[in-house]
Amino acid sequence: MKKIKNQIIAKMKKVVMTVAALAIGLIAAPLQAADGPKFNVAAIKNAEKALFTCQHSGREKLTLRIKDQAGNVVHQETIAYSIARVYDLSHLGKGTYHFELAGKEGVSVKTIQIRGKETSPLVMQVTEGAKRGLFHLAYFQNFAKEKVEIRITNEKGEEVYTGYATDEDYYRFFDLSQLPSGNYTFTLTCGEQILSQTVRIAR
């Protein structure tokens, strides 16, 4: 009986030692990080835009996240096939942007530097044409092609025209010859910029 008991104890010790050895091996072994999906990203167009390319087999869906230097996700999409795409980040401002592409095998990260768009004040000019009451409106330097609201009001503040444009440079004639005599104000609103110029129709 004592012999059997000793055999059982010996087997238990062997099992404990084996488990301990396995545990030590797991602790000592370095964790191997899986490689994420392959892609390339490069700053182009005077470093205002980013060219993203990815060769993808389509066997799984990948998640692309673009983050700013504060870690905020500024863009996210799912990629299911090979793509080559240009992202305009210039409106987000100058700085470091991180492209993260995630799949089942892990996450790949690449970083680029983007230069923000140069900001210049909008320039406006209203001139009277050869015909009385015919006015030429021009604006320049809307480099970001933001929406510009164009309003023409009379002396009472009543609108006689409202429209919009997104051109970088804009030219148009406005025929106000059928309106009563008085002062008329052309007003442009582009983001936080407001420009105005008053003209007069005299009979």
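Before any of the text, the structure's been laid out above.
Residues numbered from 1 in each chain as written. Predicted model: local features only at pLDDT ≥ 70, side-chain atom pairs only at ≥ 80, totals over all residues. Heavy atoms only, no water.

Engineer: Describe the overall build of the protein, naming the residues involved and giving the relevant values.
Structural biologist: Scanning the protein for helices and strands turns up 1 helix and 14 strands. Taking contacts inside the protein between residues at least 6 apart in sequence as the whole, the part at least 24 apart equals 53%. Put simply, the protein shows about 13600 Å² of open surface, and 54% of that area lies on carbon and sulfur atoms. (Helix = DSSP H or I, 4+ residues; strand = E, 2+ residues; numbered from the N terminus. Contact = heavy atoms within 4.5 Å. Areas by Shrake-Rupley, 256 points an atom, 1.4 Å probe, with all protein chains shown as cover.)

Engineer: Describe the nonpolar core, naming the residues involved and giving the relevant values.
Structural biologist: Counting residues in each nonpolar core, the largest one holds 20 residues, and the members touching the most others are Leu 137, Ile 150, Phe 174, Leu 176, Phe 186 and Leu 188. Of all the elements in the fold, those that place two or more residues in this core are strand S8 (123-128), strand S9 (134-140), strand S10 (148-153), strand S12 (170-175), strand S13 (182-190) and strand S14 (193-201). Examining the composition of this core, we find that 4 residues originate from one element, S13, more than from any other. Contacts of Leu 137, omitting those with residues within four sequence positions, involve Met 124, Gln 125, Val 126, Ile 150, Tyr 170, Tyr 171, Arg 172, Phe 174, Phe 186 and Leu 188. (Core = buried A, V, L, I, M, F, W, Y, C linked by side-chain atoms within 4.5 Å. Buried < 20%, exposed > 50% of the residue type's maximum accessible area, 1.4 Å probe, protein only.)

Engineer: Residue-level account of the pairing of S14, with values.
Structural biologist: Bridge analysis of S13 against S14 gives 9 bridges, and the strand direction is antiparallel. By the bridge assignment, Leu 188 is partnered in S14 with Leu 195. Where S13 folds back on S14, the antiparallel hairpin that results is connected by 2 residues, among which Gly 191 adopts a positive phi of roughly 65°. (Pairing = 2+ DSSP bridges.)

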